[in-house]
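Here's the letter readout for the chains.
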Amino acid sequence: MSVQTRPAQSIRRITTRDIRRLKAEGRRLAMLTAYDSTMAALVERGGVDLILVGDSVGNTMLGHSSTIPVTMDAMVHHTQAVVRSTQRALVVLDLPFGTCTDPDTALRHSIRALQEAGAQAVKLEGDETAAPIVRRLTSQGIPVMAHIGLQPQLVHQLGGYPRFGKAPGQAEWLMRSALALQEAGAFAVVLECVDDAVAARITRELAIPTIGIGSGRDCDGQVLVINDLVGLSLSPPPSFAKPRAQVASIIEQCVREFVAETQATAAGAESQRQESPGHA
Ligand code: KIV
């Protein structure tokens, strides 16, 4: 007797075409970072559309004070873990410092991102001057998320992490860059620490979605570093991130209780041994 089995429901990943369609339909996009399998699975269960394996892994997981030391090998390693435990969210690998010096170098690293790491897209920091790189990648079938405004990989040049958009000429430069990157084929653009009004204007002007971080409420989507969302950090979060929990203190408290229980048990066992007759 043959047993009728229902075909397993296939869950398909969100694609870059879906992302563009969602903007056209007026649906906001939610993106969070993740760097390991457990967190990625939880973030996906929570319903995000996109998971960014950010080079912020340098600060959040690897103990660096900036994203500069993060290597492509590290990005591949963390992205593989994220891809393994997710089925639906679009996974974006953040190209780290030094991988986008020219179109061919960026292409070589982006091929690794898709082939070896299993990402569905790459993100790269860069203004209008990065348009030829975006064009080269997209011409080879590699979806690109652009990233303008504050580019954390420029920290040594910027001398910190300033906001963008208010200084003379900056609003025009940001708009020009967003349009050039869209024209080069980017499927979305991250606006980091961009003046709210400028971010709103860029969002209205572009056909592709803008995803804001510290850039006001009028972007097509929002992205946050997961550690900043859940309070899993030893340093204070950026001012625009409002942690919804204090996971770091929960972990510390669990560890304290474990240590106290372990030490109490050991002390009890020792005193019992000493009291029991025949104990040498
Ligand atoms: O690396 C990262 O986490 C990012 C986001 C802050 C956009 O680039």
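Residues numbered from 1 in each chain as written. Predicted model: local features only at pLDDT ≥ 70, side-chain atom pairs only at ≥ 80, totals over all residues. Heavy atoms only, no water.

Trainee: It is not clear to me how the pattern of salt bridges should be interpreted in this structure. Could you clarify?
Mentor: A pair can form between side chains of opposite charge whenever their charged atoms are brought close. Tallying each qualifying case throughout the model produces 14 salt bridges. A salt bridge links Glu-128 to Arg-176; its shortest N-O distance comes to 3.0 Å. Note that Glu-128 is positioned in the loop between β4 (121–125) and α6 (131–139) and Arg-176 in helix α8 (residues 170–183), a separation of 48 residues in sequence. Classification of Glu-128 by relative accessible area gives partly exposed; the value is 25%. The exposure class assigned to Arg-176 is partly exposed, which follows from its relative accessible area of 44%. Put simply, Asp-196 and Arg-163 hold a salt bridge, and the shortest N to O gap is 3.4 Å. Within this pair, whereas Asp-196 is found in helix α9 (residues 196–205), its partner Arg-163 is found in the loop between α7 (155–158) and α8, the two being separated by 33 residues in sequence. The exposure class assigned to Arg-163 is partly exposed, which follows from its relative accessible area of 46%. (Salt bridge = Lys/Arg side-chain N within 4 Å of Asp/Glu carboxyl O. Helix = DSSP H or I, 4+ residues; strand = E, 2+ residues; numbered from the N terminus. Buried < 20%, exposed > 50% of the residue type's maximum accessible area, 1.4 Å probe, protein only.)

Trainee: Would you mind showing me how to read unusual backbone geometry here?
Mentor: Most peptide bonds take the trans form, and the phi angle of most residues other than glycine is negative. One non-glycine residue, Cys-193, adopts positive backbone phi at about 50°. Tracing the chain through its elements places Cys-193 in the loop between β6 (188–192) and α9.

Trainee: Would you explain the site of the ligand in this entry?
Mentor: As a structural note, the neighbourhood of the ligand is formed by Thr-33, Leu-52, Gly-54, Asp-55, Ser-56, Asp-94, Lys-123, His-147, Ile-213 and Val-225. Between an oxygen atom of the ligand and a side-chain N or O atom of Lys-123, the distance comes to 3.0 Å. Among the detected pockets, the ligand sits in the largest pocket. A per-class count over the shell around the ligand returns 3 nonpolar, 4 polar and 3 charged. (Near = heavy atom within 4 Å. Polar contact = N/O pair within 3.5 Å; in protein donor to acceptor, adjacent residues only side chain to side chain. 1 Å grid on protein atoms, 1.4 Å probe; cavity = no way out; pocket = protein on both sides within 12 Å on 5 of 7 lines; lining within 4 Å. Sits in = over half its atoms within 2 Å of the grid points. Nonpolar A, V, L, I, M, F, W, Y, C, P; charged D, E, K, R; others polar.)

Trainee: What is the right way to read a nonpolar patch on the surface from this model?
Mentor: Residues Ile-251, Val-255, Phe-258 and Val-259 make up a contiguous nonpolar surface patch of about 360 Å² in total accessible area. Here Val-255 lies in helix α11 (residues 247–275). (Patch = residues over 30% accessible without salt bridge, like charges linked within 9 Å, V, L, I, M, F, W, Y side chains within 5 Å. Areas by Shrake-Rupley, 256 points an atom, 1.4 Å probe, with all protein chains shown as cover.)

Trainee: Could you clarify how one ought to interpret the pairing of strand β3 (residues 90–94) in this entry?
Mentor: The two faces of a sheet get side chains in turn, since along a regular strand they alternate between them. Most of β3 is tucked away, with 5 of its 5 residues classed as buried. The two faces of β3 match: Leu-90, Val-92 and Asp-94 on one face and Val-91 and Leu-93 on the other face are all buried. In this structure, strand β2 (residues 50–53) lies alongside β3, joined through 4 bridges in parallel fashion. In the strand pairing of β3, Val-53 is matched with Leu-93. Direction of pairing for β3 relative to β4: parallel, over a ladder of 3 bridges. Across the sheet, Asp-94 pairs through a bridge with Lys-123, a residue of β4. Since β3 and β4 lie parallel, the crossover through helix α5 (residues 103–115) that links them has a hand, and here it is right-handed. (Pairing = 2+ DSSP bridges. Right-handed = clockwise from strand over helix to strand, strands pointing away.)

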